Amino acid sequence: MIPLSWYLILAAALFCLGLFGVLARKNAVAILMGIELMLNAVIINLIAFWRYLKPDQVNALVFALIVFAVSAAEVAVGLALVISIYRRRGTVAADEIDLMKW
Amino acid sequence: MTPDMILFLVIALVTLAAGFMVVTTPNIVHAALWLILNLFAVAVLYVMLNAGFFAMVQVVVYIGAIAILFIFAIMLTRHAMRDSGPRFNTDWPMAAILGVALLAALIWILSRWQSFMTLPPMLTSDTDILRQLGQALVSPNAFFIPFEIASVLLVAAMIGAIYVAWGKSGGKK
Amino acid sequence: MALLSDPVIFIANWIENLLLGWGLAPLLVTIIMDLLGAGIISVAMLLLVVILIVLERKLIGRLQGRFGPNRVGPYGLLQTIPDMIKIFTKEYITPQGADIFIYNLAPIMATSAVLLLWAVIPYAPRVVGSDINVGVLYLVAVGALGTLAILLAGFSSNNKYALLGAFRTVAQMISYEVPMVLALLVPVILARSMGVNEIVNAQYVWYVILAPLATLILFITAMAEVGRAPFDLLEAESEIVAGFHIEYSGLKFGFFYVAEFLHAFTISGVIVAMFFGGWRGPGAETYPILGFIYFMIKTFLIYFGTIWVRGSLPRVRIDQLLGFGWKILVPVALTLVIFTAVAEKMMFLMAATVIVRILVHLVINLLLVLVLIVIFRAQEARRPLRKPVAEPRTVALGRHSVPPESPSA
């Protein structure tokens, strides 16, 4: 029997790894990978809470399914934007795409 | 140490190690492959949580579509199969400290919640949960509207992604 | 008698009792039995490929008006053994600059993805590798793994042409995954369950009679998924590059080769389980060994169908391929799923009999086939006819086109 805390700590650690990836990486695609890690941590949390607290209701499962759909949509649009930026600017490093700054 | 505890520790170790390699490896194609390993380990976690359906959805959606999309995007945005420059920003120590601080804060807050160490209740029959999920997604009293809005979101994302990534030649159509 | 009529369950029970009698823990016994089952299925399938390769070569030869291999062994049936020896003894040439770990991982992943498909298909009554209730989704998921393996193979070869070949292969495979999933949804709706075992158990009437269009769509898209003719643009010998596996030699190429043949056979097994009743046949419930024989016969017949199509049809171009998949197959499959679902619900509410159900579904499928034919005719009519460049003329040496005069005296 695995206590709920183990799953929650794992999800929190995965979330913080994703956060580090988003904040510290230069490549825009790597930033999107960090976002995917964070979304995975969220879904692990949802499913763990479902299993441990309310395994007879499906609200949490519907929430998790919608999060799957939203993350897929967000990755598609994000990667399309990255490809489009690469075509126009020739780079995907996040700190070189600064044409709108002072 | 029951066998499922050992299994959980192994899978959690693989997940966190793969996640760590995703955010630190300099070669971005390797980062995509470590991401695939991470997603696989998370799918195994879903099986351990008696949510086999979500394990399959994870493999089909994340590994079968999103990871392949990542690899395509990486191939299309590299300068002739080379990597470019340092992999981290200049502020990466601050990001590391922020990550560790957030992790510590989350664990501290959760440990003060009274249900933090609950053990899983026994499942009566887990074949009905799929039927309940299906009915909840299409029943008007349940989650029918979020389901439809999610499908509209997917169509909008599809159209948006096609239009944005079309390029200079056919973008005006 | 139990050994002859139900050998698999008999032997499984015998081994389990043996292991329990030796005093092992029940959990360990379950793990050992599972590993043993997986090992036996994998070895049996890999050995089956030996027969499949020589069968295909001889059949293709006959379809093309020649004999096929006929030197080694009686009627050339042992041809695969010298082939295997040749592939085993070839040198592994790793290209310079290749990513070593991924380069070696890709063939293993490709073959494993195909072997993993056999885990959910029932071979006989009560003999199934793993009876999960989301078997159909598992089939799609493992198919996605095969696609990933090809992408990794193309990338890790450090070769631009391999990368391009891998991109085109993956584009074809993900384009045809959508109509394949939709066609796989039709038996799920008809059987009200996603588990392959339940779908086979619910087929008192084979689903090919209820939904022939879905069978056809699954057949076409499965062949496009595997990369077989007429969709084998990506690895055909007459193309400029041989696709994603040009940098592989020796047994690593052998893995891809085996994976392709076994994938074609596996997908025939999936089609049989979904639409042709799996192990169902006269007397299969009482003598399960007959169920296994029926399953094998049906799978070999569908595999013969794929070989027949390979030998008869010319190759399809990549733009024709993608256009066909997205513009024709996806709308037709989607309409079929919608109509099947609506018809099933209506008949469930009206509590229709079996005959009415069969007739209604058959009529829906045939109507959609008619719509397809009308669409194809309209497309053909709209395509501009090429005017002949040169018009045939009767060339007369100084004579007009009048009948020759009677010879004068």
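A quick note: this is a predicted structure, and the numbers were derived from the prediction, not measured.

Asks: Got a minute to help me understand the interface of chain C and chain B in this structure?
Replies: Where interface size is given, it is often the accessible area lost as the parts come together that is meant. On the side of chain B, 16 residues touch chain C, which itself brings 17 residues to the contact. Within the side of chain C that touches chain B, the residues separate by chemical class into 15 nonpolar, 2 polar and no charged.

Asks: Explanation requested: the interface of chain A and chain B in the structure shown.
Replies: Across the contact, 60 residues belong to chain A and 72 residues belong to chain B. Listing elements by their share of the side of chain A that touches chain B, those giving two or more residues are helix H1 (4-24), helix H2 (28-53) and helix H3 (59-89) of chain A. When residues of the side of chain A that touches chain B are assigned to their parent elements, the largest contribution, 20 residues, is made by H3(A). Among the residues forming the side of chain A that touches chain B, the class breakdown is 48 nonpolar, 6 polar and 6 charged.

Asks: What am I meant to see in the confidence of the model for chain C here?
Replies: The predicted structure's coordinates, where accompanied by low pLDDT, should not be read in detail. Residues and elements named next belong to chain C. Confidence in the prediction for chain C averages 84 pLDDT; 91% of positions are at 70 or higher. In the model of chain C, helix H1 (residues 2-5) stands out as the element of lowest mean pLDDT, 65, in contrast to helix H10 (residues 212-226), which has the highest, 91. Interface scoring of the predicted complex returns ipTM 0.91; its pTM is 0.87.

Asks: Sorry, what's going on with helix H5 (residues 100-117) of chain C here?
Replies: One turn of an α-helix holds 3.6 residues; hence residues three or four places apart share an orientation. All names here are of chain C. Along its 18 residues, H5 runs 27 Å from first to last C-alpha, staying within 8% of the 26 Å computed at 1.5 Å per residue. Approximately 30° is the largest bend angle found in H5, and it occurs at Ala 106, with the proline Pro 107 only one to four residues beyond. For H5, the complete set of buried residues consists of Tyr 103, Ala 106, Pro 107, Ala 110, Thr 111, Ala 113, Val 114, Leu 115, Leu 116 and Leu 117. Of the surrounding secondary structure, the elements contacted by the buried residues of H5 are helix H3 (26-63), helix H6 (135-156) and helix H11 (251-275).

Asks: Help me understand the nonpolar core in this model?
Replies: Soluble globular proteins tend to pack their nonpolar side chains together in the buried interior. Core analysis: the largest hydrophobic core is formed by 183 residues, its most contacted members being Val29(A), Ile47(A), Ala32(B), Ala67(B) and Phe70(B). If you tally residues by element for this core, the top one is helix H3 (residues 52-76) of chain B, at 18 residues. Apart from residues lying up to four places away in sequence, Ile47(A) is in contact with Ala64(A), Tyr46(B), Leu49(B), Ala51(B) and Phe54(B).

Asks: I would appreciate a short explanation of the packing of H2(A) against helix H2 (residues 28-48) of chain B in the present structure.
Replies: For the pair H2(A) and H2(B), the least separation of the axes is 11 Å and the interaxial angle reads 5°. Taken together, the axis directions place H2(A) and H2(B) in an arrangement best described as roughly parallel. Between H2(A), through Val29(A), Ala30(A), Met33(A), Glu36(A), Leu37(A), Asn40(A), Ile44(A) and Ile47(A), and H2(B), the contact on the second element is made entirely by Ile28(B), Ala31(B), Leu35(B), Asn38(B), Leu39(B), Val42(B), Leu45(B) and Tyr46(B). The residue inventory of the contact of H2(A) with H2(B), partitioned by class, reads 13 nonpolar, 2 polar and 1 charged.

Asks: Would you mind going over the arrangement of the chains with me for this structure?
Replies: Between all 2 pairs of chains that are in contact, chains A and B come out with the most contacts. With no contact formed, the shortest span from any C-alpha in chain A to any C-alpha in chain C equals 15 Å.

Definitions and cut-offs
- Residues numbered from 1 in each chain as written.
- Chains lettered and ligands numbered in written order.
- Predicted model: local features only at pLDDT ≥ 70, side-chain atom pairs only at ≥ 80, totals over all residues.
- Contact = placed C-beta atoms within 7 Å.
- Nonpolar A, V, L, I, M, F, W, Y, C, P; charged D, E, K, R; others polar.
- Helix = DSSP H or I, 4+ residues; strand = E, 2+ residues; numbered from the N terminus.
- pLDDT = per-residue confidence, 0-100.
- Expected span 1.5 Å × (residues − 1).
- Bend = angle between axes of the 7 residues up to and from the residue.
- Buried ≥ 20, exposed ≤ 12 C-beta atoms within 10 Å, placed from the backbone.
- Core = buried A, V, L, I, M, F, W, Y, C linked by C-beta atoms within 7 Å.
- Axes fitted to C-alpha atoms, helices over the stretch in contact; angles between N-to-C directions.
- Parallel < 35°, antiparallel > 145°, perpendicular 65-115°, else oblique.

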